[in-house]
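Here are the chains, one letter per residue:
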Amino acid sequence: MMEIPTYGELLKLMWFLVWRHVVILMFVSMTIGWAVPVILNTTVSEGSQYLLEICIYGVLFLGITPFILKTLFQKQFQGFQVTFQRDTATTSLSSS
């Protein structure tokens, strides 16, 4: 039976995920937002800016978020650790 985390533990998990997403999003946004106009030697139009933002969020959610979640399972929090458990009965039913 799965143990339900306390409110304090949930806050620690939330802080772990949020601050990493914010810092990495800022880094990716600044890097891509700066690099594209410099590499193309042009200014980015308003329409292209939206496309650029979609690309940045795509990189964040499809490329970086899985990495952040992987590190979540490797981190030792004070008093607890997050573990991942696959339900083998459900997996075998869905694969057949």
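Residues numbered from 1 in each chain as written. Predicted model: local features only at pLDDT ≥ 70, side-chain atom pairs only at ≥ 80, totals over all residues. Heavy atoms only, no water.

Comments concerning the packing of aromatic side chains
For any pair of aromatic rings, the description consists of the separation of the ring centres together with the inter-plane angle of the planes.
In step 1: Per the stated rule, a full pass over the model turns up four aromatic pairs.
In step 2: On the numbers, 4.9 Å between centres and 5 degrees between planes, the contact of F77 with F80 is stacked.
In step 3: The exposure class assigned to F77 is buried, which follows from its relative accessible area of 10%.
In step 4: Judged by relative accessible area, which is 16%, F80 ranks as buried.
In step 5: When the ring centre of F77 is taken as reference, the NZ or CZ atom of K75 above it lies at 5.3 Å. (Phe/Tyr/Trp six-rings, centres within 6.5 Å; stacked < 30°, edge-to-face > 60°. Buried < 20%, exposed > 50% of the residue type's maximum accessible area, 1.4 Å probe, protein only. Lys NZ or Arg CZ within 6 Å of the ring centre and 35° of its normal.)

Brief notes about a nonpolar patch on the surface
In step 1: Together, Y7, L11, M14, W15, V18, W19, V22, V23, M26 and M30 make up a nonpolar patch on the protein surface, roughly 1000 Å² of accessible area in all.
In step 2: By secondary structure assignment, the location of W15 is in helix α1 (residues 7-40).
In step 3: For W15, a relative accessible area of 55% puts it in the exposed group. (Patch = residues over 30% accessible without salt bridge, like charges linked within 9 Å, V, L, I, M, F, W, Y side chains within 5 Å. Areas by Shrake-Rupley, 256 points an atom, 1.4 Å probe, with all protein chains shown as cover. Salt bridge = Lys/Arg side-chain N within 4 Å of Asp/Glu carboxyl O. Helix = DSSP H or I, 4+ residues; strand = E, 2+ residues; numbered from the N terminus.)

Quick notes on helix α2 (residues 46-74)
In step 1: Between its first and last C-alpha atoms α2 spans 41 Å; for 29 residues at 1.5 Å apiece the expected length is 42 Å, and the two agree.
In step 2: Residue I64 marks the point of greatest curvature in α2, where the axis turns by about 45 degrees; the proline P66 follows within four residues.
In step 3: For α2, the complete set of buried residues consists of L52, I56, L60, I64, T65, I68, T71 and L72. (Expected span 1.5 Å × (residues − 1). Bend = angle between axes of the 7 residues up to and from the residue.)

Considering α1
In step 1: With 34 residues, α1 extends 48 Å between its outermost C-alpha atoms, agreeing within 8% with the 50 Å of an ideal straight helix rising 1.5 Å per residue.
In step 2: Residues L13, F16, H21, V28, A35 and P37 constitute the buried set of α1.
In step 3: Considering only its buried residues, α1 is in contact with α2, β1 (76-77) and β2 (80-81). (Contact = heavy atoms within 4.5 Å.)

Regarding the environment of Y57
In step 1: In this fold, Y57 is placed in helix α2.
In step 2: A C-alpha to C-alpha distance of 8.0 Å links Y57 and L25, two positions 32 residues apart in sequence.

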